[in-house]
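Each chain is listed here by its residues.
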Amino acid sequence: NCSARYTVIHWLKAAVYPAIKATIENIDVYARARVRIYDRTGRVLAEYSGYDNNQGWDGTYLGHLLPPTDYWYEINLPEVDKQYIGHFTLFYDMK
């Protein structure tokens with residue numbers, strides 16, 4: 001069983017622009033993973049099949065930076081028939 005060898009998927013809980021790296025631990029193990037990112041209204045901001053941490057979400061929607069607030073995610077792992085749902089906060093470092 002593949003899932004027994006790896007820790008639970010964890011989403012980055014806070015992202016700081018411009019160094020946003022929406023990192024999902026162990027996602028590389030699941031080639032068919034599907035990731036969706038939503039705003040508070042349920043609008044899909046980004047969708048990925050086969051998520052790659054090196055090319056992950058950059059905190060934009062249609063080329064525009066999103067405001068600092070909470071966002072939600074859905075991670076589907078068909079290989080192990082699991083779904084993870086949660087949220088994270090996007091904020092800007094004003095230094």
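First, a word on what this report is: a plain description of the structure on this page. (Residues numbered from 1 in each chain as written. Predicted model: local features only at pLDDT ≥ 70, side-chain atom pairs only at ≥ 80, totals over all residues. Heavy atoms only, no water.)

With that settled, consider the pairing of strand β2 (residues 34–38). Burial analysis of β2 places four of its five residues in the buried class, the great majority of the element. Bridge count between β2 and strand β3 (residues 44–49): five bridges; the pairing is antiparallel. Within β3, the residue paired with Val35 across the bridge is Tyr48. Here β2 runs beside strand β6 (residues 69–77); their pairing, made up of five bridges, is antiparallel. When the sheet's bridge partners are listed, Val35 is paired in β6 with Ile75. (Buried < 20%, exposed > 50% of the residue type's maximum accessible area, 1.4 Å probe, protein only. Helix = DSSP H or I, 4+ residues; strand = E, 2+ residues; numbered from the N terminus. Pairing = 2+ DSSP bridges.)

All right, on to the pattern of salt bridges then. Following the criterion strictly, the structure yields three salt bridges and no others. Between Glu74 and Arg36 there is a salt bridge whose closest N-O contact spans 3.5 Å. Here Glu74 is found in strand β6, whereas its partner Arg36 is found in strand β2, with 38 residues between them in sequence. For the pair formed by Glu74 and Arg36, the shared burial category is buried. Its salt-bridge partner being Arg43, residue Asp39 comes within 2.9 Å of it at the nearest N-O pair. (Salt bridge = Lys/Arg side-chain N within 4 Å of Asp/Glu carboxyl O.)

Fair warning: the whole summary comes from geometry, so function is off the table for now.
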